[in-house]
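One letter stands for each residue in the lines below.
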Amino acid sequence: MDNSSGVGVLDKAAMVLAALEPGPATLAGLVASTGLARPTAHRLAVALEHHRLVARDMQGRFILGPRLGELAAAAGEDRLLAAAGPVLARLRDITGESAQLFRRQGDFRVCVAAADRPTGLRDSIPVGGQLTMAAGSAAQILLSWEDPERMNKGLLKATFSAAELSAVRRRGWAQSVGERENGVGSVSAPVRSPSGKVVAAVSVSGPLERLTRQPGRMHAPAVVAAAERLSQSLRRSS
């Protein structure tokens, strides 16, 4: 069966990625499994590495890169958004505060779904709104389980510390008090893909006069339960 798309360089890049699916490979292994000339295989693998589609292991062998996992997570976003509406509405009704779902996009976190408190003083974040990765409980969640290099880079400008992220990983949720905006608090928990990767953060946010300076005591159980329901929805649809 002819698997050619008519675009030779893409076909060859796809061959390299397919050759890495079973596990790590040396350059000689790539040449053997793809049938490509050694210079071509090397040039393509290095180019794919530049785009994080390929990486290297501790022995210097080529492996599938982290960008593939990020793209796979993004492919699951429609399923996540389909489940998010009722889960966020229930979380809002339980806590009495606005609820949001955030995903990381580069140096920002983006609100991809929200259920606002209908009346009274509230923290309203529009769908599509971009917020900093340097402050807030959702930023803590989206950074806590990153690989060490990305985590350390994110911590350079953050208002929270590595020790605080360690505590987040230990207890499974994060809280913030006036980090992103004076007078506003929040609580967040991770949504995980079927593989266990953190792909989003569920949050509730509102004024400190209601959330107090320990918002996690009030709302962490409800936020964690909502995040788990969304994680379950991804597992069921995988």
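Keep in mind that what you see is a predicted model, and the values were worked out from it rather than measured.

Parameters at a glance
Residue positions within a chain follow its written sequence, with the count starting from 1. Thresholds applied to this predicted model are a pLDDT of at least 70 for local features of residues and 80 or more for the giving and counting of side-chain atom pairs; totals over whole chains, interfaces and linings are not thresholded and use all residues. As a convention, hydrogens and water are excluded, and side-chain values are obtained from all of the structure's heavy atoms. Strands are runs of DSSP state E lasting at least 2 residues, helices are runs of H or I lasting at least 4, and numbering of each runs from the N terminus. Any helix carries an expected span of 1.5 Å times its number of residues minus one. Throughout, exposure labels follow a simple rule: accessible area from a 1.4 Å probe, protein chains only, divided by the maximum for the residue type, with under 20% read as buried, over 50% as exposed, and the rest as partly exposed. A contact between two residues is defined here by any heavy atoms of the two lying within 4.5 Å. UniProt positions are given in the numbering used here, feature names are shortened, and annotations may be inferred rather than shown by experiment. Two strands are said to pair when DSSP picks up at least two bridges between them. All axes here are fitted lines through C-alpha atoms, helices being fitted over the stretch that makes contact, and every angle between N-to-C directions spans 0 to 180 degrees. Should an angle fall under 35 degrees it is taken as roughly parallel, and over 145 as roughly antiparallel, whereas 65 to 115 is taken as roughly perpendicular and any remaining angle as oblique. By definition, turning the near helix anticlockwise from the far helix through less than a right angle yields a left-handed crossing, and turning it clockwise yields a right-handed one. Lys, Arg, Asp and Glu make up the charged group, whereas Ala, Val, Leu, Ile, Met, Phe, Trp, Tyr, Cys and Pro make up the nonpolar group; the residues left over, Gly among them, are polar. Planes of paired rings set the category: under 30 degrees apart is stacked, over 60 is edge-to-face and the rest tilted, where pairs are Phe, Tyr or Trp rings (Trp by its six-membered ring) whose centres lie within 6.5 Å. Consider the ring centre and the ring normal. A charge sits over the ring if Lys NZ or Arg CZ is within 6 Å of that centre and within 35 degrees of that normal.

Now for helix 1 (residues 8-20). The periodicity of an α-helix, 3.6 residues per turn, causes residues three or four positions apart to be oriented the same way. Taking 1.5 Å of rise per residue, the 13 residues of helix 1 would be expected to cover 18 Å, and the 19 Å separating its terminal C-alpha atoms lies within 8% of that figure. Buried residues of helix 1: D11, A13, V16, A19 and L20, and no others. Summarising the contacts, the buried residues of helix 1 are in contact with helix 2 (27-34), helix 3 (38-50), strand 1 (54-56) and strand 2 (62-64).

Our next topic: the side chain of H219. The residue H219 is located in helix 10 (residues 215-237) in this model. Dropping the residues within four chain positions of it, H219 is found in contact with T95, E97, V187, V204 and L211.

Attention now goes to the UniProt feature "domain: HTH iclR-type" (unreviewed entry) in the protein chain. UniProt annotation of "domain: HTH iclR-type" (unreviewed entry) refers to residues 7-66 when read in the numbering used here. Helix makes up 58% of residues 7-66 and strand 10%. Its end C-alpha atoms lie 25 Å apart.

Right, let's talk about the sheet that holds strand 3 (residues 98-105) for a bit. Ordered by their spatial adjacency, 6 strands build an open sheet running 5-4-3-8-7-6, and the pairing between neighbours is antiparallel. Two strands in the sheet have a free side with no partner beyond their single neighbour: strand 5 (130-132) and strand 6 (174-177). For this sheet the average axis-to-axis angle between neighbouring strands, irrespective of direction, equals 35°.

Look at helix 1 against helix 2: their axes get within 10 Å of each other, and the N-to-C directions meet at 110°. The pairing of helix 1 with helix 2 is recorded here as roughly perpendicular in orientation. Between helix 1 and helix 2 lies a crossing of right-handed hand. Along the contact surface, helix 1 presents M15, V16, A19 and L20, while helix 2 presents L30, S33 and T34. The class makeup of the residues in the contact of helix 1 with helix 2 is 5 nonpolar, 2 polar and no charged.

A word on the packing of aromatic side chains. Under the definition given, this model contains 0 aromatic pairs. When the ring centre of W173 is taken as reference, the NZ or CZ atom of R171 above it lies at 4.2 Å. Of note, R192 hangs over the ring of W145, and the distance from its end group to the ring centre comes to 4.8 Å.

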